[in-house]
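Residues per chain, in single letters:
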Amino acid sequence: MKYNYKAKWFYMLLIAVFMMAVSSCKTEKIVPGSEAPKDIAGNWRVIKATRNGTDLTSIIDFSQFRISFTDKGYTLVNKLPFLVSKDGAFALDDPQYPFKITFTATGDKPVSTAFTYPIVNGKRQLSITFSPGCTNNTYVYVLEKAN
């Protein structure tokens, strides 16, 4: 009889532990966080420029060229060969995951081009690929925020 009593308590305890274990398991839904919109506001300078794969950075002085983005548009300073020649407005194809930027120079038609927004060595960069005028020449400007 004593053995039967201990066996019942053992099984009851085992069932209680099992029930606690089962009831403590919760399924949580993991909701991916949304990506923040890309903010390109500020003054940007060219840190690397290529034309048809040839590095132009050491040949041409890009140190004075700037493109300044604000929420109202963009401004070019000390102009060089670029996708547009006048100040105007810009738009990203997708504010969270941009792959294309569209420049609309004042009084001109919109012009779109490839655009990437990587972080390199802890600093945000813009990489703009374009062909101004001649489609045989492809420029790639890698820009970094100017201090």
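Refer to the structure presented above.
Since the model is a prediction, treat every value here as computed from it, not as a measurement. (Residues numbered from 1 in each chain as written. Predicted model: local features only at pLDDT ≥ 70, side-chain atom pairs only at ≥ 80, totals over all residues. Heavy atoms only, no water.)

Here we look at the packing of aromatic side chains
Alright, step 1. Per the counting criterion, the structure on display carries 13 aromatic pairs.
Alright, step 2. Here the aromatic cluster, defined as three or more aromatic residues joined through ring pairs, consists of Phe62, Phe65, Phe69, Tyr74, Phe82, Phe90, Phe103, Phe130, Tyr139 and Tyr141. (Phe/Tyr/Trp six-rings, centres within 6.5 Å; stacked < 30°, edge-to-face > 60°.)

Examining the nonpolar core
Alright, step 1. Membership of the largest hydrophobic core comes to 26 residues, with the highest contact counts inside it found for Ile40, Ile67, Phe69, Phe82, Phe103, Tyr141 and Leu143.
Alright, step 2. Breaking this core down by element, the ones donating at least two residues are β1 (42-51), β3 (66-70), β4 (73-77), β6 (100-105), β9 (123-130) and β10 (139-145).
Alright, step 3. Apart from residues no more than four positions distant in its own chain, leucine 143 is found in contact with Trp44, Arg45, Val46, Ile47, Phe65, Ile67, Arg124, Gln125, Leu126 and Ile128. (Core = buried A, V, L, I, M, F, W, Y, C linked by side-chain atoms within 4.5 Å. Buried < 20%, exposed > 50% of the residue type's maximum accessible area, 1.4 Å probe, protein only. Helix = DSSP H or I, 4+ residues; strand = E, 2+ residues; numbered from the N terminus. Contact = heavy atoms within 4.5 Å.)

What about a nonpolar patch on the surface?
Alright, step 1. Taken together, the side chains of Tyr5, Trp9 and Met12 make up a nonpolar region of the molecular surface, amounting to roughly 410 Å² of accessible area.
Alright, step 2. Looking at the secondary structure, you find tyrosine 5 in helix α1 (residues 2-24).
Alright, step 3. Under the relative-accessibility criterion, tyrosine 5 is labelled exposed at 53%. (Patch = residues over 30% accessible without salt bridge, like charges linked within 9 Å, V, L, I, M, F, W, Y side chains within 5 Å. Areas by Shrake-Rupley, 256 points an atom, 1.4 Å probe, with all protein chains shown as cover. Salt bridge = Lys/Arg side-chain N within 4 Å of Asp/Glu carboxyl O.)

Brief notes about the pattern of salt bridges
Alright, step 1. Under the definition given, this model contains two salt bridges.
Alright, step 2. Arginine 45 is paired through a salt bridge with glutamate 144; the nearest N and O atoms lie 3.1 Å apart. With arginine 45 in strand β1 and glutamate 144 in strand β10, this pair connects stretches of sequence that are 99 residues apart.
Alright, step 3. For arginine 45, a relative accessible area of 30% puts it in the partly exposed group.
Alright, step 4. Close ionic contact of lysine 86 with aspartate 108 constitutes a salt bridge, the shortest N to O distance being 3.5 Å. A residue pair is termed long-range when its members are at least 10 positions apart, and lysine 86 in the loop between β4 and β5 (88-92) and aspartate 108 in the loop between β6 and β7 (111-116) qualify at 22 residues.
Alright, step 5. Among the residues examined, lysine 86 registers a relative accessible area of 34% and is labelled partly exposed.

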